[in-house]
Amino acid sequence: MSRSKISQTIDNIEETAIAMLLGIMTLITFANVVARYVFNSNILWSLELTVFLFAWLVLLGASYGVKHSVHIGVDVLLQIFPDKVKKALSLLAAALCITFALLMLKGSWDYWSPFIGKQAFLETDDIPIPAVLQFLSTWFNDGELYEKIPRFIPYAVLPLSMALLTYRFVQGFWRILTNQQSMLIASHEGEDMLEEFIANVKAEEPTTNKSKSGS
């Protein structure tokens, strides 16, 4: 499989996962509202599951935002430099982002890995485990059946999302290096502020000129 196909496959999985997470969150929340206000009941595990799904959505969405250059950034100072300096600074920023992502990847792995080791017995508070996943008890819990979802499943998003974030920052660094894009961010606050300032100055010029001519 070529690199472009691998990248496209990762893109498709990422986008599908984000869309599914948002859809499942919406369905669970709606079902719980109906259960509470129509049937005077409650889906006990809905809140905890929604919180975990939201965490997955946010953390996976961070790498998705880097992919599409939609993260908020301020480029006021960057825009005043010539193109060569701007590129060098953008590469430096991308390198720092890669370093940050690698540190977060290491930290997230160190946090998550005990949950598939000595702490594999730890479970979530309310989310029941489907019977189809009970094979995990043989792999990680010495054959003792889980009553709830083991924590290493929802917490797996930590190393997964940081790995994706690192991958996206490396992609961004390469695109800047090969002149496919100029910055990691797509914001143009500097240009917008400058254009707004110029527009305000031009709008005030007729008034200023009239006052001078009247005097």
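Going by the structure above, here's the rest.
Rules used in this analysis
- Residues numbered from 1 in each chain as written.
- Predicted model: local features only at pLDDT ≥ 70, side-chain atom pairs only at ≥ 80, totals over all residues.
- Heavy atoms only, no water.
- Helix = DSSP H or I, 4+ residues; strand = E, 2+ residues; numbered from the N terminus.
- Buried < 20%, exposed > 50% of the residue type's maximum accessible area, 1.4 Å probe, protein only.
- Contact = heavy atoms within 4.5 Å.
- Areas by Shrake-Rupley, 256 points an atom, 1.4 Å probe, with all protein chains shown as cover.
- Core = buried A, V, L, I, M, F, W, Y, C linked by side-chain atoms within 4.5 Å.
- Salt bridge = Lys/Arg side-chain N within 4 Å of Asp/Glu carboxyl O.
- Expected span 1.5 Å × (residues − 1).
- Bend = angle between axes of the 7 residues up to and from the residue.
- Polar contact = N/O pair within 3.5 Å; in protein donor to acceptor, adjacent residues only side chain to side chain.

Draft legend 1. The overall build of the protein chain, seen in detail. Looking only at helices and strands, the protein chain features seven helices and two strands. Overall, the protein chain shows an N-to-C arrangement of helices and strands of α-α-α-β-α-β-α-α-α. In the protein chain, which comprises 215 residues, the share counted as buried stands at 31%. Considering only intrachain contacts with a sequence separation of at least 6, the fraction spanning at least 24 residues in the protein chain is 71%. Just so you have it, the protein chain exposes about 14100 Å², and 68% of that area is on carbon and sulfur atoms.

Draft legend 2. View of the nonpolar core. In this structure, Phe52, Trp112, Phe115, Ala120, Ile127, Ile129, Leu136, Tyr146, Ile149, Phe152 and Tyr155 together form the largest nonpolar core, which totals 11 residues. Not counting chain neighbours up to four residues away, the residues in contact with tyrosine 146 comprise Ala120, Phe121, Glu123, Ile129, Gln134, Leu136, Ser137, Phe140, Asn141 and Phe152. Judged by nonpolar contacts, the second largest core, of 10 residues, contains Leu91, Ala101, Met162 and Leu165.

Draft legend 3. Spotlight on the pattern of salt bridges. Counted according to the given criterion, the structure contains three salt bridges. For the salt bridge of glutamate 14 with arginine 168, the shortest nitrogen-to-oxygen distance reads 2.5 Å. With a gap of 154 residues between them, glutamate 14 in helix 1 (residues 3–37) and arginine 168 in helix 6 (residues 157–177) connect regions that are remote in the sequence. Notably, a salt bridge pairs aspartate 110 with lysine 106, separated by 2.6 Å at the nearest N-O pair. Placement of the pair is aspartate 110 and lysine 106 together in helix 3 (residues 83–112), with a separation of four residues, close to one helical turn. On the accessibility criterion, aspartate 110 (38% relative accessible area) is partly exposed.

Draft legend 4. The arrangement of helix 2 (residues 46–67) in detail. Spanning 22 residues, helix 2 covers 31 Å between terminal C-alpha atoms, matching the ideal 32 Å at 1.5 Å per step. In helix 2, a bend of some 25° at glycine 61 exceeds every other bend along the element. Regarding helix 2, the residues found buried are Ser46, Glu48, Thr50, Phe52, Leu53, Leu57, Leu60, Ser63, Gly65, Val66 and Lys67. With its phi angle positive at about 55°, serine 69 sits one or two positions after the end of helix 2.

Draft legend 5. Representation of the side chain of serine 46 within the structure. Note that serine 46 resides in helix 2. Looking at serine 46, the relative accessible area reads 4%, which means it is buried. A distance of 3.1 Å separates a polar atom in the side chain of serine 46 from a polar atom in the side chain of asparagine 32. Among all residues touching serine 46, those that are not within four sequence positions of it are Ile28 and Asn32.

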